[in-house]
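Okay, here's what each chain looks like letter by letter:
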Amino acid sequence: MKNKIKIERAKKDMTQAELAQLVQVTRQTINAIEAAKYNLSTALALKIASIFETKVDEIFELEEKDWLE
Amino acid sequence: MKSSYLLPYRFKCVGWIIFLPSLIMGLLFFIFNKELPIFDCKVLAISDLEAFGKHHFLTVIPNNIQDEIISILIIIGAFFISFSKEKSEDEYISKLRLESLIWATYINYFILVFSIIFLYEFSFYWILIFNMFTILIVFIIKFNWALWKFKKNTQNEE
């Protein structure tokens with residue numbers, strides 16, 4: 001799943017560690033999500049969208065391979 | 001896997017303190033098969049089936065409980081290690097834990113089926129003894145390896 005977390009963080013001048021603390025996960029998890037190595041839960045996606053004051057589908061985008069899982 | 005089912009993080013250290021010495025004692029017992037007389041006592045047996053003998057129910061019998069104590073300590077120690085929270089527990093760690101547990105179950109039953117087909121008599125008996133512990137031990141190895149790989153691959157902030 002593609003995402004724009006890095007872009008949104010840059011807009012807010014936020015580090016991965018700061019975002020991780022706000023959404024109550026580890027920095028490594030944020031790193032894995034940004035690198036599209038992990039498909040996060042709905043709750044976490046909503047939390048991240050809330051922190052960036054935007055909608056979930058403006059941050060996350062389904063890819064072709066996600067439909068095949 | 002909900003973290004509410006997991007033990008607090010401090011149990012992990014307690015688990016290692018119990019598990020490692022017990023595992024060493026268990027291996028020594030397996031190799032040397034020496035029962036220390038200090039562990040001789042009478043025990044309540046719900047079922048006691050003698051080798052080529054009678055089957056008794058709810059009876060008190062003489063027994064050396066060294067192997068029972070070692071087995072229970074290994075299981076308790078491994079259980080504490082396996083099912084304690086990590087220092088930082090989140091949904092990705094839960095995913096790793098679940099995948100590791102499934103993987104350990106697959107490996108455990110593969111070993112068991114292999115043993116059923118190729119090992120016989122007392123060789124198979126010892127596999128059954130080890131099989132009491134292998135699922136937890138394989139899980140501990142797999143989970144900690146997955147955690148180490150995860151932390152190594154996500155070390156640098158991008």
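Small disclaimer: the values here were computed from a predicted structure and weren't measured.

### Looking at the overall build of chain B
Regarding its fold elements, chain B presents four helices and two strands. Starting at the N terminus and ending at the C terminus, chain B contains elements arranged as α-β-β-α-α-α. Its C-alpha atoms give chain B a radius of gyration of 19 Å, more than 25% over the compact-globule value 15 Å for 158 residues. Summarising its shape, the C-alpha atoms of chain B cover approximately 70 × 35 × 30 Å along the three principal directions. Within the span of chain B, comprising 158 residues, buried residues form 30% of the whole.

### Digging into the packing of helix 2 (residues 16-23) of chain A against helix 3 (residues 27-34) of chain A
All names here are of chain A. It is the contact of helix 2 with helix 3, at a shortest axis distance of 8 Å, that shows an interaxial angle of 110°. Taken together, the axes of helix 2 and helix 3 are roughly perpendicular relative to one another. Only Arg-27, Ile-30, Asn-31 and Glu-34 of helix 3 make contact with helix 2, whose side of the interface consists of Gln-16, Ala-17, Leu-19, Ala-20 and Val-23. Taken together, the residues of the contact of helix 2 with helix 3 sort by class into five nonpolar, two polar and two charged.

### Points about the interface of chain B and chain A
Contacts between chain B and chain A engage 13 residues on the former and 18 residues on the latter. Summed over both sides, the interface of chain B with chain A buries roughly 1,300 Å², with 47% coming from carbon and sulfur. Applying the counting criterion to the chain B and chain A interface returns zero salt bridges. Secondary-structure elements contributing two or more residues to the side of chain B that touches chain A are helix 3 (91-118) and helix 4 (122-153) of chain B. Of the residues in the side of chain B that touches chain A, the class split is two nonpolar, five polar and six charged.

### Some points on helix 2 of chain A
Residue and element names in this part refer to chain A. Every buried residue of helix 2 is accounted for by Gln-16, Leu-19, Ala-20 and Val-23. Down the axis of helix 2, the sector holding all buried residues measures 100°, keeping them to one side. On the buried face of helix 2, the contacting elements are helix 1 (5-12), helix 3 and helix 4 (42-51). Phi turns positive, to about 65°, at Gln-24, one or two residues after helix 2.

### Concerning the confidence of the model for chain A
Detailed reading of the predicted coordinates is not advisable wherever pLDDT falls low. Across chain A, the average pLDDT comes to 91, with 99% of residues at 70 or higher. Across chain A, the secondary-structure element scoring lowest on mean pLDDT is helix 6 (residues 64-68) of chain A, at 82, and the one scoring highest is helix 4 of chain A, at 95.

### Notes on the nonpolar core
Counting residues in each nonpolar core, the largest one holds 29 residues, and the members touching the most others are A:Ile5, A:Leu40, A:Ile48 and A:Phe60. Put simply, the parts of the chain that give this core at least two residues each are helix 2, helix 3 and helix 4 of chain A together with helix 3 and helix 4 of chain B. Setting aside anything within four residues of it in sequence, one finds A:Leu40 in contact with A:Met1, A:Ile33, A:Ala45, A:Ile48, A:Phe60 and B:Glu91. Grouped together as the second largest cluster of nonpolar side chains are 11 residues, B:Phe19, B:Ile70, B:Ala78 and B:Ile140 included.

### Things to note about a nonpolar patch on the surface
The grouping of B:Ile24, B:Leu27, B:Leu28, B:Phe30, B:Ile31, B:Phe32 and B:Phe130 at the surface amounts to a nonpolar patch, some 680 Å² of accessible area in total. Checked against the element boundaries, B:Leu28 lands in helix 1 (residues 10-32).

### Description of the side chain of B:Ser22
Residue and element names in this part refer to chain B. Along the chain, the position of Ser-22 falls in helix 1. The exposure class assigned to Ser-22 is buried, which follows from its relative accessible area of 2%. Filtering out sequence-adjacent residues up to four positions away, Ser-22 remains in contact with Ile-70, Leu-73 and Ile-74.

### A word on the pairing of strand 2 (residues 55-64) of chain B
Residue and element names in this part refer to chain B. Strand direction decides the pairing type here: strand 1 (residues 40-49) and strand 2, joined by nine bridges, are antiparallel. Bridge pairing in strand 2 places Leu-44 opposite Val-60. Hairpin connection of strand 1 to strand 2: five residues between the antiparallel strands, including Phe-52 at a positive phi of 55°.

### Focus: the pattern of salt bridges
Residue and element names in this part refer to chain A. For the coordinates displayed, the defined rule picks out six salt bridges over all chains. For Arg-9, the salt bridge goes to Glu-34, with nearest N and O atoms at 2.6 Å. Separated by 25 residues along the polypeptide, Arg-9 in helix 1 and Glu-34 in helix 3 bring together distant segments of the chain. The two residues Arg-9 and Glu-34 agree in class, both being buried.

Each value, and the rule that gives it
Residues numbered from 1 in each chain as written. Chains lettered and ligands numbered in written order. Predicted model: local features only at pLDDT ≥ 70, side-chain atom pairs only at ≥ 80, totals over all residues. Heavy atoms only, no water. Helix = DSSP H or I, 4+ residues; strand = E, 2+ residues; numbered from the N terminus. Rg over C-alpha atoms; globule rule 2.2 N^0.38 Å. Buried < 20%, exposed > 50% of the residue type's maximum accessible area, 1.4 Å probe, protein only. Axes fitted to C-alpha atoms, helices over the stretch in contact; angles between N-to-C directions. Parallel < 35°, antiparallel > 145°, perpendicular 65-115°, else oblique. Contact = heavy atoms within 4.5 Å. Nonpolar A, V, L, I, M, F, W, Y, C, P; charged D, E, K, R; others polar. Buried area = accessible area lost by both parts, 1.4 Å probe. Salt bridge = Lys/Arg side-chain N within 4 Å of Asp/Glu carboxyl O. Arc of directions from axis to C-beta. pLDDT = per-residue confidence, 0-100. Core = buried A, V, L, I, M, F, W, Y, C linked by side-chain atoms within 4.5 Å. Patch = residues over 30% accessible without salt bridge, like charges linked within 9 Å, V, L, I, M, F, W, Y side chains within 5 Å. Areas by Shrake-Rupley, 256 points an atom, 1.4 Å probe, with all protein chains shown as cover. Pairing = 2+ DSSP bridges.

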